[in-house]
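Here is how the chains run, residue by residue.
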Amino acid sequence: MNDQPPGPEITYAECRQCGTLIAGLDGRYSCGVCGWVNHHSEGHRALPRAEDDADHRTRGAAGNRLS
């Protein structure tokens, strides 16, 4: 029995700005020709949370490399 959700699916669409055929993961796209990107909420499923990543560690503010 596999408790893991299926991995991301490669999907294809035309860029809404220039018409180039582009590939993305689960309906999230970025065009390398003109720079157009669709909003993350347009994807086919919810994005995973950081806490769901096996490499994620909760370290508080001290662990934030950006601060």
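Residues numbered from 1 in each chain as written. Predicted model: local features only at pLDDT ≥ 70, side-chain atom pairs only at ≥ 80, totals over all residues. Heavy atoms only, no water.

Novice: What's the story with the overall build of the protein chain in this structure? I'm lost.
Specialist: Within the protein chain, the regular secondary structure consists of zero helices and two strands. Every one of the 67 residues in the protein chain was classed for burial, and the buried ones make up 18%. Across the protein chain, contacts joining residues at least 24 apart in sequence account for 8% of those joining residues at least 6 apart. Within the structure as shown, the protein chain displays about 5700 Å² of accessible surface, and the carbon and sulfur contribution to it stands at 52%. (Helix = DSSP H or I, 4+ residues; strand = E, 2+ residues; numbered from the N terminus. Buried < 20%, exposed > 50% of the residue type's maximum accessible area, 1.4 Å probe, protein only. Contact = heavy atoms within 4.5 Å. Areas by Shrake-Rupley, 256 points an atom, 1.4 Å probe, with all protein chains shown as cover.)

Novice: Sorry, what's going on with the pattern of salt bridges here?
Specialist: Between side chains of opposite charge, a pair can form when the charged atoms approach closely. A complete count under the given rule lists two salt bridges for this structure. Residue Glu42 pairs with Arg16 through a salt bridge whose shortest N-O separation is 2.5 Å. Of the two residues, Glu42 sits in the segment after strand E2 (21-25) while Arg16 sits in the loop between strand E1 (10-14) and E2, which places them 26 residues apart along the sequence. Note that Arg45 is salt-bridged to Asp26, the shortest N-O span being 2.9 Å. Taken together, the residues Arg45 in the segment after E2 and Asp26 in the segment after E2 connect sequence positions 19 residues apart. By relative accessible area, which is 30% here, Arg45 ends up partly exposed. (Salt bridge = Lys/Arg side-chain N within 4 Å of Asp/Glu carboxyl O.)

Novice: I would appreciate a short explanation of the layout of surface pockets in the present structure.
Specialist: Where empty space is left in the structure can be found by rolling a water-sized probe over the atoms. The calculated volume of the largest pocket comes to roughly 220 Å³. For the lining of the largest pocket, the class distribution of residues is six nonpolar, one polar and three charged. (1 Å grid on protein atoms, 1.4 Å probe; cavity = no way out; pocket = protein on both sides within 12 Å on 5 of 7 lines; lining within 4 Å. Points joined across faces, edges and corners; volume = space filled by probe spheres on them. Nonpolar A, V, L, I, M, F, W, Y, C, P; charged D, E, K, R; others polar.)

Novice: Please clarify how the pairing of E2 should be interpreted in this entry.
Specialist: The two faces of a sheet get side chains in turn, since along a regular strand they alternate between them. The alternating pattern of E2 places Ile22 and Gly24 on a buried face and Leu21, Ala23 and Leu25 on a face that is not buried. Relative to E2, E1 runs antiparallel, the two sharing five bridges. Within E2, the residue paired with Ala13 across the bridge is Ile22. Count of turn residues in the E1/E2 antiparallel hairpin: six residues, of which Gly19 carries a positive phi of about 85°. (Pairing = 2+ DSSP bridges.)

Read these as spatial facts, not as claims about activity.
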